[in-house]
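Summary of structural features
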Amino acid sequence: TGTTIYIKDLGPQIGWTTVFLAEYAGPLIIYAWIYTRPWLFYGDGAALKPYSLCTNIAMGCYTVHYVKRLLETLFVHRFSHGTMPIFNLFKNCSYYWGFTAYVAYHVNHPLFTPPSALQTNIALAAFVVCELGNFSAHWTLRQLRPPGSKVRRIPYPDSNPLTGLFSLVSCPNYTYETGAWLSFTVMTQCL
C-alpha cells in the first residue's frame, strides 16, 4: 500500500516515579544543606548571624512543598506513560536542583533583608492556600483515572471549594503551583 512507518529510538528509558523522586528529593536536600551549613557558602562568620523569621518560614515552605511533591509522586499520581528518555532526567534535575541552590543562596544569605511581618504573613497564607489547592487539584485528577488504565475524563469541581478553579482554568494544579511560587517570592522578596 506504500505506507511508511517512521520509528525514532528514544534511547534508554526511566520510569516517571523515579524521575519525580529524583527531581524532588534534590531540592529538599540542597535547600536544607545550604540552610544548615551557611559557613560553607558565606564564610565562617555566617553561622554566627541568626536567621530571620522569614528565612525560617521560607525553609519550612520549601520543605513542605517538596515533601508534598514526593508524597504525591508515591501515593497520588497515576502516569499514563510508563517512561521517558533517561537523558531528560539530567535536564530536569539540573533545573530543579540549580534553581533551588540559587534561591537558597539568596534567602539564607547573612545579608538577606526580610520584608515586614505583615508581608511575610500574608504571603505565607497565600502560599498555604495555593499548596492546598494544588494538592486538591492533584487529588481530583487522580480520581479521574482508575488504577492501571489510560482513561481520560474531564475534571469538574467537587465539594472541596479549592477545586472550584476547574470551572475557570484547564489546569488548576499549575495555576495553584504558580500562585505558591509567586507567594514565596513576595514572602522572601527574592526573584
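Keep in mind that this is a model prediction, so the values were computed, not measured. (Residues numbered from 1 in each chain as written. Predicted model: local features only at pLDDT ≥ 70, side-chain atom pairs only at ≥ 80, totals over all residues. Heavy atoms only, no water.)

A cluster of nonpolar residues, V67, L71, L74 and F75, forms a patch on the protein surface that exposes about 370 Å² of accessible area. In this structure, V67 sits in helix α3 (residues 53–75). Judged by relative accessible area, which is 32%, V67 ranks as partly exposed. (Patch = residues over 30% accessible without salt bridge, like charges linked within 9 Å, V, L, I, M, F, W, Y side chains within 5 Å. Areas by Shrake-Rupley, 256 points an atom, 1.4 Å probe, with all protein chains shown as cover. Salt bridge = Lys/Arg side-chain N within 4 Å of Asp/Glu carboxyl O. Helix = DSSP H or I, 4+ residues; strand = E, 2+ residues; numbered from the N terminus. Buried < 20%, exposed > 50% of the residue type's maximum accessible area, 1.4 Å probe, protein only.)

Our focus in this paragraph is the side chain of T163. Among the structural elements, T163 can be located in the loop between α5 (117–143) and α6 (172–188). Setting aside anything within four residues of it in sequence, one finds T163 in contact with S136, T140, P157 and D158. (Contact = heavy atoms within 4.5 Å.)

Attention shifts here to the environment of F20. Relative to the helices and strands, F20 is located in helix α1 (residues 16–36). According to the relative accessible area criterion, F20 is buried, its value standing at 16%. Along the sequence, F20 and P146 sit 126 residues apart, while their C-alpha atoms lie 21 Å from each other. Not counting the four nearest positions on each side in its chain, F20 is found in contact with L70, T73 and F79.

On to the nonpolar core. Ranked by size, the top nonpolar core spans 35 residues in total, and within it Y31, F184 and M187 carry the most contacts. Those elements giving two or more residues to this core turn out to be α1, α3, α4 (86–107), α5 and α6. In terms of residue count, α3 provides more of this core than any other element does, eight residues in total. (Core = buried A, V, L, I, M, F, W, Y, C linked by side-chain atoms within 4.5 Å.)

The next thing to look at is the packing of α1 against α3. It is the contact of α1 with α3, at a shortest axis distance of 9 Å, that shows an interaxial angle of 165°. Considering the angle they form, α1 stands roughly antiparallel to α3. As for the relative orientation of α1 and α3, their crossing is left-handed in sense. The residues of α3 that touch α1, namely those facing T17, F20, L21, Y24, A25, P27, L28, Y31, A32 and Y35, are T55, N56, A58, M59, Y62, T63, Y66, V67, R69, L70, T73 and L74. Taken together, the residues that form the contact of α1 with α3 break down as 16 nonpolar, five polar and one charged. (Axes fitted to C-alpha atoms, helices over the stretch in contact; angles between N-to-C directions. Parallel < 35°, antiparallel > 145°, perpendicular 65-115°, else oblique. Left-handed = near helix turned anticlockwise from the far one by under 90°. Nonpolar A, V, L, I, M, F, W, Y, C, P; charged D, E, K, R; others polar.)

With that out of the way, let us pick up the confidence of the model for the protein. Of the residues in the protein, 100% reach a pLDDT of 70 or more, and the chain-wide mean stands at 94. Highest mean pLDDT in the protein belongs to α6 (98); lowest belongs to strand β2 (residues 83–85) (90). (pLDDT = per-residue confidence, 0-100.)

All told, the structure shown has three salt bridges when counted by the stated rule. For the salt bridge of E131 with K68, the shortest nitrogen-to-oxygen distance reads 3.9 Å. Taken together, the positions of E131 in helix α5 and K68 in helix α3 put the pair 63 residues apart, joining distant regions of the chain. Take E131: its relative accessible area is 6%, and that puts it in the buried class. By relative accessible area, K68 is classed as buried at 13%. Here R69 and E177 are joined by a salt bridge, their closest N and O atoms 2.8 Å apart.

For any two helices packed against each other, one specifies the crossing angle of their axes together with the interaxial distance. With their axes 10 Å apart at the nearest point, α3 and α4 run at an angle of 165° to one another. With respect to each other, α3 and α4 are oriented roughly antiparallel. Note that α3 runs across α4; the crossing there is left-handed. Taken together, the residues of α4 that come into contact with α3 (itself represented by T55, A58, Y62, Y66 and R69) are Y96, F99, T100, V103 and V107. Partitioned by chemical class, the residues of the contact of α3 with α4 number seven nonpolar, two polar and one charged.

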